[in-house]
Amino acid sequence: MDAILTGKAEQLAREIASQAKTLDELNGLLKLMMGSAIERMLDTEMSVHLGRKQLPGSLGDSPAQEVAHLFTESPPKPRARNRRNGRSQKTVQGDLGEIRIATPRDRDGTFEPQLIPKHQRRLSGFDEKILALYAKGMTTRDIQEVVKELYNVDVSPTLISEITADLDAQVTAWRTRQLDPVWPIVFLDGIVVHVRGANGRVSPQTMYVALGVNMQGRKELLGLWLGETEGAKFWLSCLTDLKNRGLKDIFIACMDGLSGFPEALRTAYPEAKVQLCIVHLVRAALKYVTDKDSDQVIDDLKKIYQAPTAIEAQAALDSFAQAWGEKYPTIVKQWRLKWPDIVAMFEFPPAIRRAIYTTNAIESVNSVIRKFTRNRKQYPNEESALKLVYMAIHEASKKWTLPIPKWREALNHFAIIFENRLPPLGGN
């Protein structure tokens, strides 16, 4: 906005302030101004359509000349058959509430307004606000109440469905998009949601989540899948989907201790190293521990996964077995059984180890889903569940702007450890 327009706007604001005594009066004046401005712009569009005004800028005019052309009559032309033919009244919804406007018509019915197209009942930006509320996990009734309170606009469930209908195509495009061929770190996890099935019954299902860290160290959600239960067989189908979409190589895959999961990963990505989430392993161990012993067991387990080297970690596990093996043999058995996928992190320096020894990165995604599902105890169908969870994570991902900590240091080690598999740094 240039200085002249800014000055006029400030003068108009002072005049409005002297007339409006309450916020309701101010809102009424603003709605009146908005409606009037929209109608004048539509009138200009009609004049251009009928050939009575020129489009600006066609001859390299200055900005001031372009504005002048918009409101200056062009030289008289032969009278055209087509001409104005009254107006059509309609109500549009926007940030200021409902605004009544009169759209000009032409006799031939060929006028197609661009500012507010025919049949459009919502101003630009209104749909985005509905979607933002939708992405926060609000139900249809919640959205109706908020929009009514903020904008004094009544929105029906049908209208909300119309606004969100385009999400179906968006989610499908996102779920089938091509991926970069190499992702240094991929986190895999599942979270339980409740979905109404075709038989009308609500049952728990697992939302499978894959989160990647790209070559720039930034997180990106790679995929969402929905299955009846979390299992290695279904995970294999998810990994195969990632592979079919172009993800050819994973350096390190971080996951929980689900039985058969590491084998499923190695089937799809034979060269990938598996790192089990230490936090999941500790939680699983504590299920067998009494409250009296829990603090000491946690401290002794910490000596294992915080050891400087794999050799010292093995010694700490042996010490743990001597101290607790008789009382809690299941813990020792599980850790020994999964030991190769527990100590994978010791092959890497601390910069990489810090990034992979827990699935905290994907746990933050799961927390978004849990927060979202607090408002929705159940989903009406599988498509709705995928769409709504996608929207929630899409909204949260706007904050994923920075690389994970110590990424440059980690990348330098990746360049040595995976020398023949690392793509050019500018190519991912």
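Predicted, not measured: the structure shown is a model, and the values here were computed from it.

What follows deals with the overall build of the protein chain. If you tally the helices and strands in the protein chain, you get 17 helices and seven strands. Residues classed as buried in the protein chain amount to 43% of the 428 residues present. In the form shown here, the protein chain has an accessible surface area of approximately 23,900 Å², with 54% of it arising from carbon and sulfur atoms.

Right, let's talk about the pattern of salt bridges for a bit. As enumerated under the stated definition, the model contains eight salt bridges in all. For D241, the salt bridge identified is with R245, shortest N-O distance 3.3 Å. Since its relative accessible area comes to 5%, R245 is described here as buried. When the shortest N-O distance is used, the salt bridge between R336 and D318 registers 3.4 Å. Linking R336 in helix 12 (residues 329-337) with D318 in helix 11 (residues 310-324), this pair joins segments that are 18 residues apart in sequence.

Here the focus is the confidence of the model for the protein chain. The predicted model of the protein chain has a mean per-residue pLDDT of 79, with 73% of residues at 70 or higher. The spread of mean pLDDT over the elements of the protein chain runs between helix 3 (residues 63-70), the lowest at 42, and helix 11, the highest at 96.

Relative to strand 7 (residues 273-276), strand 6 (residues 249-255) is paired through four bridges, and the arrangement is parallel. Considered in strand 7, the bridge of M255 is made with L276. Since strand 6 and strand 7 lie parallel, the crossover through helix 8 (residues 261-268) that links them has a hand, and here it is right-handed.

Moving on, we get to the side chain of D341. If you trace the backbone, D341 turns up in helix 13 (residues 339-342). Residue classification places D341 among the buried residues on the basis of a relative accessible area of 11%. Dropping the residues within four chain positions of it, D341 is found in contact with P262, R266, V274, Q275 and L276.

The next thing to look at is the pairing of strand 6. For strand 6, the buried fraction is high: seven of the seven residues fall into the buried class. Pairing of strand 3 (residues 182-196) with strand 6, which is carried by five bridges, proceeds in the parallel orientation. Residue pairing across strands places V186 opposite A253, the latter belonging to strand 6.

Further remarks concern helix 8. Buried residues of helix 8: F261, P262, A264, L265 and A268, and no others. Seen from one end, helix 8 has its buried residues packed into an arc of 160 degrees, which puts them on one side. Structurally, helix 8 contributes buried residues whose contacts are with strand 3, helix 7 (232-244), strand 6, strand 7 and helix 13.

Criteria and thresholds
- Residues numbered from 1 in each chain as written.
- Predicted model: local features only at pLDDT ≥ 70, side-chain atom pairs only at ≥ 80, totals over all residues.
- Heavy atoms only, no water.
- Helix = DSSP H or I, 4+ residues; strand = E, 2+ residues; numbered from the N terminus.
- Buried < 20%, exposed > 50% of the residue type's maximum accessible area, 1.4 Å probe, protein only.
- Areas by Shrake-Rupley, 256 points an atom, 1.4 Å probe, with all protein chains shown as cover.
- Salt bridge = Lys/Arg side-chain N within 4 Å of Asp/Glu carboxyl O.
- pLDDT = per-residue confidence, 0-100.
- Pairing = 2+ DSSP bridges.
- Right-handed = clockwise from strand over helix to strand, strands pointing away.
- Contact = heavy atoms within 4.5 Å.
- Arc of directions from axis to C-beta.

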